[in-house]
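Below, each chain spelled out in residue letters.
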Amino acid sequence: MSLRPVRDDQWDVVAWLWQDFRHDLGVVVDGFPYADGRYRHEWLDEYPAPDRCGYLSWRAHPATGEDAPVAFALVRGLDAPSRIMQAFFVVPAARRDGFARDLALEVIGRHPGPWEIPFQHDNERAVRFWRKVATTAWGTAWTETEEPVPGKPGVPPDHWIRTTPLAP
């Protein structure tokens, strides 16, 4: 795995992967593309910024051997009390052998301090995945809460994993 910060000239690559991310999430959040054929992307439009960063993970393409983007992570709150994993996506062909877990742990490790990781209630794979990542990263020093989605009273609450201070 090669994990690198997104360069200024690579945000278009993230934008292409973003469409795959939102497509995958569409079955969970009843998401449809808009009239221009793209899924919602306002979060992505907030990058890059001083308090945010993005990462791309690369692997050799099986047919060409060239570096191919296989995952991204977007982190916000770099100047806040907690970092937030705003978006995390691994292409389906790379979802095996612990790759996604290792990637998530690498991103978390690059930004020490408190963390928050939100995910959708009905995304069962994300529920299992983020709980395992949290336990690997922080042991028992994390909590999970369910919180209403702002402005969407008719949808299930989001889950939030947050690190907790270790007892003395």
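Residues numbered from 1 in each chain as written. Predicted model: local features only at pLDDT ≥ 70, side-chain atom pairs only at ≥ 80, totals over all residues. Heavy atoms only, no water.

Novice: In this structure, what is going on with the pattern of salt bridges? I would like to understand it.
Specialist: If the charged atoms of two oppositely charged side chains come close together, the side chains can form a pair. Enumeration according to the criterion identifies nine salt bridges in this entry. The salt bridge involving arginine 52 is made with aspartate 51; its shortest N-O contact spans 3.2 Å. According to the relative accessible area criterion, aspartate 51 is partly exposed, its value standing at 22%. Connected via shared salt-bridge partners are Glu46, Asp51 and Arg52. (Salt bridge = Lys/Arg side-chain N within 4 Å of Asp/Glu carboxyl O. Buried < 20%, exposed > 50% of the residue type's maximum accessible area, 1.4 Å probe, protein only.)

Novice: Help me understand the nonpolar core in this model?
Specialist: The tendency in soluble globular proteins is for nonpolar side chains to be buried as a group. Membership of the largest hydrophobic core comes to 44 residues, with the highest contact counts inside it found for Phe72, Met85, Phe88, Trp130 and Trp138. At the level of secondary structure, the elements contributing two or more residues to this core comprise α1 (11-29), β2 (52-60), β3 (67-76), β4 (83-90), α3 (99-109), β5 (115-120) and α4 (124-138). The contacts of methionine 85, once residues within four sequence positions are left out, are Ala73, Leu74, Val75, Ala104, Val107, Ile108, Trp115, Glu116, Ile117, Pro118 and Trp130. (Core = buried A, V, L, I, M, F, W, Y, C linked by side-chain atoms within 4.5 Å. Helix = DSSP H or I, 4+ residues; strand = E, 2+ residues; numbered from the N terminus. Contact = heavy atoms within 4.5 Å.)

Novice: Would you take a moment to explain the packing of α3 against α4 for this structure?
Specialist: The packing of two helices is summarised by the inter-axis angle and the distance between the axes. Contact geometry for α3 and α4: axes closest at 10 Å, N-to-C directions at 50°. Considering their axes alone, α3 and α4 lie oblique with respect to each other. Taken as a pair, α3 and α4 cross one another with a handedness that is right-handed. On α4, the residues that touch Ala100, Arg101, Ala104, Leu105 and Ile108 of α3 are Phe129, Trp130, Val133, Thr136, Ala137 and Trp138. Here the residues of the contact of α3 with α4 sort into nine nonpolar, one polar and one charged. (Axes fitted to C-alpha atoms, helices over the stretch in contact; angles between N-to-C directions. Parallel < 35°, antiparallel > 145°, perpendicular 65-115°, else oblique. Left-handed = near helix turned anticlockwise from the far one by under 90°. Nonpolar A, V, L, I, M, F, W, Y, C, P; charged D, E, K, R; others polar.)

Novice: Help me understand the environment of histidine 111, please; the structure alone is not making it clear to me.
Specialist: Position of histidine 111 relative to the elements: it lies in the loop between α3 and β5. Here histidine 111 falls in the buried class, since its relative accessible area comes to 14%. Considering only alpha carbons, one finds histidine 111 and threonine 136, 25 residues apart in sequence, at a separation of 16 Å. Once residues within four sequence positions are removed from consideration, histidine 111 is found in contact with Cys53, Tyr55, Leu78 and Arg83.

Novice: Even after reading the chapter, I still don't get the sheet that holds β5, so can you show me in this structure?
Specialist: To summarise the sheet geometry, strands pair through backbone hydrogen bonds and adopt either a parallel or an antiparallel arrangement. Ordered in space as β1-β2-β3-β4-β5-β7-β6, the seven strands form an open sheet in which the pairing is mixed. Of all strands in the sheet, those with a lone pairing partner are β1 (2-5) and β6 (142-147), marking the two edges. This sheet shows a mean twist of 25° between the axes of neighbouring strands, independent of strand direction. The sheet contact formed by β1 and β2 spans four bridges and is antiparallel. Directly across from proline 5, in β2, lies its bridge partner tyrosine 55. Across the sheet, α3 lies against β1, β2, β3, β4 and β5, angled at about 155° from β4, the strand it touches most. Along the sheet, α4 contacts β4, β5, β6 and β7 (158-163); its crossing angle with β5, the most-contacted strand, is approximately 165°. (Pairing = 2+ DSSP bridges.)

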